[in-house]
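# Descriptive analysis of the structure
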Amino acid sequence: MIKEQQVLDEWFKAKGWPYWSPHEILARLMEETGEFARLVNHEYGPKKKKDGEATQDFEDELGDILYTLACFANTHHIDLDSALARSLEKVAGRDKDRF
Ligand SMILES: [Mg+2]
């Protein structure tokens, strides 16, 4: 388990906060993914920021996405370290000659 996933879980338990429901977490993930998409569009696409629009950065938006994923993982007893390792294994093994 990544350290932050554990810290998040301990924090929620200490505060007595329930995690959101799976659908609420999914909605939040879509919202944060949309913010990331908007930022990519501002940075690399034709749609530039409006005057006075808040400055964001990729690290900030990726952090929001990871936070949301950690909430889902914690409610489903999924170890994100293990999940990422499995994905890396797929890319390094099964898909090694694909790209
Ligand atoms: Mg965000």
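Figured I'd write up the structure that's included with this text. (Residues numbered from 1 in each chain as written. Predicted model: local features only at pLDDT ≥ 70, side-chain atom pairs only at ≥ 80, totals over all residues. Heavy atoms only, no water.)

This part is about the coordination of the magnesium ion. The coordination sphere of the magnesium ion contains the protein donors Glu 32 (OE), Glu 35 (OE), Glu 61 (OE) and Asp 64 (OD), at a distance range of 2.0 to 2.4 Å. In the primary sequence, the donor residues of the magnesium ion line up as E-x2-E-x25-E-x2-D. Of the two residues, Glu 32 sits in helix H2 (residues 22–44) while Glu 61 sits in helix H3 (residues 58–75), which places them 29 residues apart along the sequence. On the basis of relative accessibility, which here comes to 3%, the residue Glu 32 falls in the buried class. Among the residues examined, Glu 61 registers a relative accessible area of 1% and is labelled buried. (Donors = N, O, S within 2.8 Å, 3.2 Å for Na, K, Ca; no water. Helix = DSSP H or I, 4+ residues; strand = E, 2+ residues; numbered from the N terminus. Buried < 20%, exposed > 50% of the residue type's maximum accessible area, 1.4 Å probe, protein only.)

Attention now goes to a nonpolar patch on the surface. On the surface, a cluster of nonpolar side chains totalling about 320 Å² of accessible area is made up of Trp 11, Trp 17 and Tyr 67. With respect to the helices and strands, the residue Tyr 67 is situated in helix H3. The exposure class assigned to Tyr 67 is partly exposed, which follows from its relative accessible area of 33%. (Patch = residues over 30% accessible without salt bridge, like charges linked within 9 Å, V, L, I, M, F, W, Y side chains within 5 Å. Areas by Shrake-Rupley, 256 points an atom, 1.4 Å probe, with all protein chains shown as cover. Salt bridge = Lys/Arg side-chain N within 4 Å of Asp/Glu carboxyl O.)

The subject of this paragraph is helix H1 (residues 3–15). Side chains that are three or four residues apart share a direction in an α-helix, a result of its 3.6 residues per turn. The end-to-end C-alpha distance of H1 is 18 Å, a good match for the 18 Å that 13 residues give at a rise of 1.5 Å each. Of all the positions in H1, only Gln 5, Leu 8, Asp 9 and Phe 12 are classed as buried. An end-on view of H1 places all buried positions within 95° of arc, on one side of the element. Turned more than 90 degrees from where H1 packs its buried face, Lys 3 and Ala 14 sit exposed. Tucked inside the fold, the buried residues of H1 contact H3 and helix H4 (80–92). Count one or two residues on from H1 and you reach Gly 16, which has phi positive near 75°. (Expected span 1.5 Å × (residues − 1). Arc of directions from axis to C-beta. Contact = heavy atoms within 4.5 Å.)

With that settled, consider the environment of Glu 53. Mapped onto the elements, Glu 53 comes out in the loop between H2 and H3. On the accessibility criterion, Glu 53 (22% relative accessible area) is partly exposed. Between the C-alpha atoms of Glu 53 and Glu 35, which are 18 residues apart in sequence, the distance is 13 Å. Contact partners of Glu 53, with chain neighbours within four places excluded, come to Arg 38 and His 42.

The subject of this paragraph is the packing of H2 against H3. At a closest axis distance of 9 Å, the pairing of H2 and H3 adopts a crossing angle of 165°. Looking at the two axes, H2 sits roughly antiparallel to H3. Considering only the axes of H2 and H3, their crossing is left-handed. Contacts from Pro 22, Ile 25, Arg 28, Leu 29, Glu 32, Thr 33, Glu 35, Phe 36, Leu 39, Val 40, Glu 43 and Tyr 44 of H2 reach H3 at Phe 58, Glu 61, Leu 62, Asp 64, Ile 65, Thr 68, Leu 69, Cys 71, Phe 72 and Thr 75. (Axes fitted to C-alpha atoms, helices over the stretch in contact; angles between N-to-C directions. Parallel < 35°, antiparallel > 145°, perpendicular 65-115°, else oblique. Left-handed = near helix turned anticlockwise from the far one by under 90°.)

By themselves these figures say nothing about function.
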